[in-house]
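Each chain is listed here by its residues.
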Amino acid sequence: MENIDWKSLPFGYLKTDYNIRCYYRDGKWGELEISSSEYIDMHIAATCLHYGQEAFEGMKAFRGADNKIRVFRCPDNAKRMETSAEGVVMAKVPHDLFHEAVIKTIKMNLRFVPPYGTGASLYIRPLLVGTGAQVGVNPASEYLFMVFVTPVGPYFKEGFNPVEMLVCRDHDRAAPLGTGHIKVGGNYAASLISIVHGHNKGFSSIIYLDAREKKYIDECGPANFFGIKDNTYITPSSTSILPSITNKSLMVLAEDMGMKVERRPVEVTELDSFEEAGACGTAAVISPIKKVVDWQVNKVYEFCKDGKPGPVSVKLYNKLTGIQLGTEPDKWGWTEIVE
Ligand code: PLP
Ligand code: COI
C-alpha cells in the first residue's frame, strides 16, 4: 500500500479489503463467509444492542525481518473468547473455527500488513455478538462471529516513551464478581467516563483500583499493570482483571531473564517502592509509566526521572517484540507463520 504512511499510523480504524462472518443458527455454526462490506444488517431487538451480549478479542500479526508474517498467540485468544462467551451466555466459537477465520482474514488483507521496521502491525479484531431478538433479558438463540483487521501504530501516542496515568476513585470499571475477567463491551462502556476525564486532564490513561476497597491496583485502562523492584516482576492478581496474554508472556520472559515473578494484590501505595512501572497489552505492548497521579489523596508517584523507559522494561520490550518480529528465537512456540 504505497499511500499509507506506516510510520505515523495511529491506533485507529482503516478500511481493509475483506472481513469474515460466520452465523450461529439452529444450534450450529455455518460456513465462514467473506465480505467486503464494513456493515452488518441486524435485528432491531438483537441482544448485543440492548443487553450487551457481545465479546471481542484483540491480537496482532507482524511482518518480520525475514518478511514472514507471524500471528502472536492465537490459541490463547480463542480460549479467552470462549471464557468470555461463557461469561455472558453466548454460543462458543470452536477454536479451529476461530483460528481459521483469523488466518483467512489476515491472508485476504496481506497488503495491509505493515512493513518490517515501521513499528506498525496488523491489528486483528474477532467479535462475537448476540443477533437473535429478545425483549426480555435472556440470551439470544442466534449469534454472529466476525473478524476484521486494520493496520495500527502505537496505542498511546507516546509509543514506547513513558506515559502519565491518573488513578480513578470516582468510577469502577468492573465489580469483584462481575465481568472484569472477560473481554466484553460493557467493561469498556463503564470505563469511558473515566478515560475521557483522564484525557481531558492530559493523562494517557487511567489506573483502576479494586472496586471493593479502593486499595489495590486492578488495571491501566485497556492494559494490565506491572511493577519492577529488586529483580522482581510484580503484577496484580484480582478477580476483576482481564488476564492479559501479553502480561502472561512477560512473566515467562522475566523468569527466563532470571527475575522473580510475583502475581499478587498490589496496593496502590506500593508504587512508591517500584523502580519501574508499566502497562502491557496487545495494543499497548509495553507502555512505561513515568507518573501516576492520585490527586484525591494528594499523592504523585514518579518513575523514569530521566524521561526514558527503565532498563528492565527495555529488555522485556526488546525480547517480546523480537519474538513477534522473528528476530529472537520463539522458544515457547508463541508465533505462527501465516505466510
Ligand atoms: N486489560 C484490558 C482491560 C484490555 O482490554 C486488554 C486488551 O486486550 C488487556 C488488559 C491486555 O490483554 P492482552 O495482552 O491479552 O491484549
Ligand atoms: C487490545 O489490547 O487488544 C485491546 O483490546 C485494547 C483496546 C483497544 C480495547
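As a reminder, the structure under discussion sits directly above these lines.
The structure displayed is predicted, hence computed values, not measured ones. (Residues numbered from 1 in each chain as written. Chains lettered and ligands numbered in written order. Predicted model: local features only at pLDDT ≥ 70, side-chain atom pairs only at ≥ 80, totals over all residues. Heavy atoms only, no water.)

Novice: Can you lay out the site of ligand 1 for me, pointing to particular residues and giving the numbers?
Specialist: Residues in close proximity to ligand 1 total 16 residues, the closest being Tyr188, Glu219, Ser244, Thr246 and Thr282. Between Glu219 and ligand 1, the recorded distance is 2.5 Å, taken from a side-chain N or O atom to a nitrogen atom. Mapping ligand 1 onto the cavity grids shows that it belongs to the largest pocket. Sorting the residues of the shell around ligand 1 by element identifies strand 12 (223-229), helix 5 (245-256) and strand 15 (276-281) as the ones contributing at least two each. (Near = heavy atom within 4 Å. Polar contact = N/O pair within 3.5 Å; in protein donor to acceptor, adjacent residues only side chain to side chain. 1 Å grid on protein atoms, 1.4 Å probe; cavity = no way out; pocket = protein on both sides within 12 Å on 5 of 7 lines; lining within 4 Å. Sits in = over half its atoms within 2 Å of the grid points. Helix = DSSP H or I, 4+ residues; strand = E, 2+ residues; numbered from the N terminus.)

Novice: Talk me through a nonpolar patch on the surface; I want residue IDs and the actual numbers.
Specialist: A contiguous nonpolar surface patch, about 330 Å² in accessible area, is contributed by Tyr51, Val135 and Val137. Relative to the assigned elements, Val135 resides in the loop between strand 7 (121-130) and strand 8 (143-152). (Patch = residues over 30% accessible without salt bridge, like charges linked within 9 Å, V, L, I, M, F, W, Y side chains within 5 Å. Areas by Shrake-Rupley, 256 points an atom, 1.4 Å probe, with all protein chains shown as cover. Salt bridge = Lys/Arg side-chain N within 4 Å of Asp/Glu carboxyl O.)

Novice: An account of the site of ligand 2 is requested, with residue identities and associated values reported.
Specialist: In the vicinity of ligand 2, the contacting residues are Phe11, Phe56, Gly58, Tyr123, Arg125, Tyr155, Lys183, Tyr188, Pro222, Thr282 and Ala283. Here an oxygen atom of ligand 2 and a side-chain polar atom of Tyr123 are 2.7 Å apart. Within the backbone of Ala283, one N or O atom sits 2.8 Å away from an oxygen atom of ligand 2. Relative to its free-state accessible area of 280 Å², ligand 2 is covered by the protein chains to the extent of 90%. Judged by its atoms lying within 2 Å of the grid points, ligand 2 is housed in the largest pocket. When its residues are assigned to classes, the shell around ligand 2 shows seven nonpolar, two polar and two charged. (Nonpolar A, V, L, I, M, F, W, Y, C, P; charged D, E, K, R; others polar.)

Novice: Mind laying out the nonpolar core, listing which residues take part and the relevant values?
Specialist: Core analysis: the biggest nonpolar cluster contains 42 residues, and Trp29, Phe98, Ile106, Ile124, Leu128 and Phe145 have the highest contact counts within it. Going through the elements one at a time, strand 1 (19-25), strand 5 (59-63), strand 6 (69-72), helix 2 (74-87), helix 3 (95-107), strand 7 and strand 8 are the ones with two or more residues in this core. In terms of residue count, helix 3 provides more of this core than any other element does, six residues in total. Beyond its immediate sequence surroundings of up to four residues, Leu128 is in contact with Trp29, Gln53, Glu54, Ala55, Met81, Ala85, Met90, Ala91, Val93, Tyr143, Leu144 and Phe145. One finds Val163, Ala277, Val292 and Cys304 within the second-largest nonpolar core, a separate group that totals 23 residues. (Core = buried A, V, L, I, M, F, W, Y, C linked by side-chain atoms within 4.5 Å. Buried < 20%, exposed > 50% of the residue type's maximum accessible area, 1.4 Å probe, protein only. Contact = heavy atoms within 4.5 Å.)

Novice: An account of the layout of surface pockets is requested, with residue identities and associated values reported.
Specialist: What the largest pocket holds in volume is close to 800 Å³. Every element with two or more residues in the lining of the largest pocket is listed here: strand 4 (54-56), strand 7, helix 4 (185-200), strand 12, helix 5 and strand 15. The leading source of residues in the lining of the largest pocket is helix 4, at seven residues. Looking at the lining of the largest pocket residue by residue, the classes come out as 17 nonpolar, 13 polar and nine charged. Of the residues that make up the lining of the largest pocket, three or more belong to each of domain 1 (6-152) and domain 2 (163-325). In this structure, the second largest pocket occupies an estimated 560 Å³ of space. A per-element tally of the lining of the second largest pocket places helix 6 (residues 311-325) first, with five residues. Along the lines of polarity and charge, the residues of the lining of the second largest pocket split into 22 nonpolar, 13 polar and three charged. (Points joined across faces, edges and corners; volume = space filled by probe spheres on them. Domains from an automatic or database assignment.)

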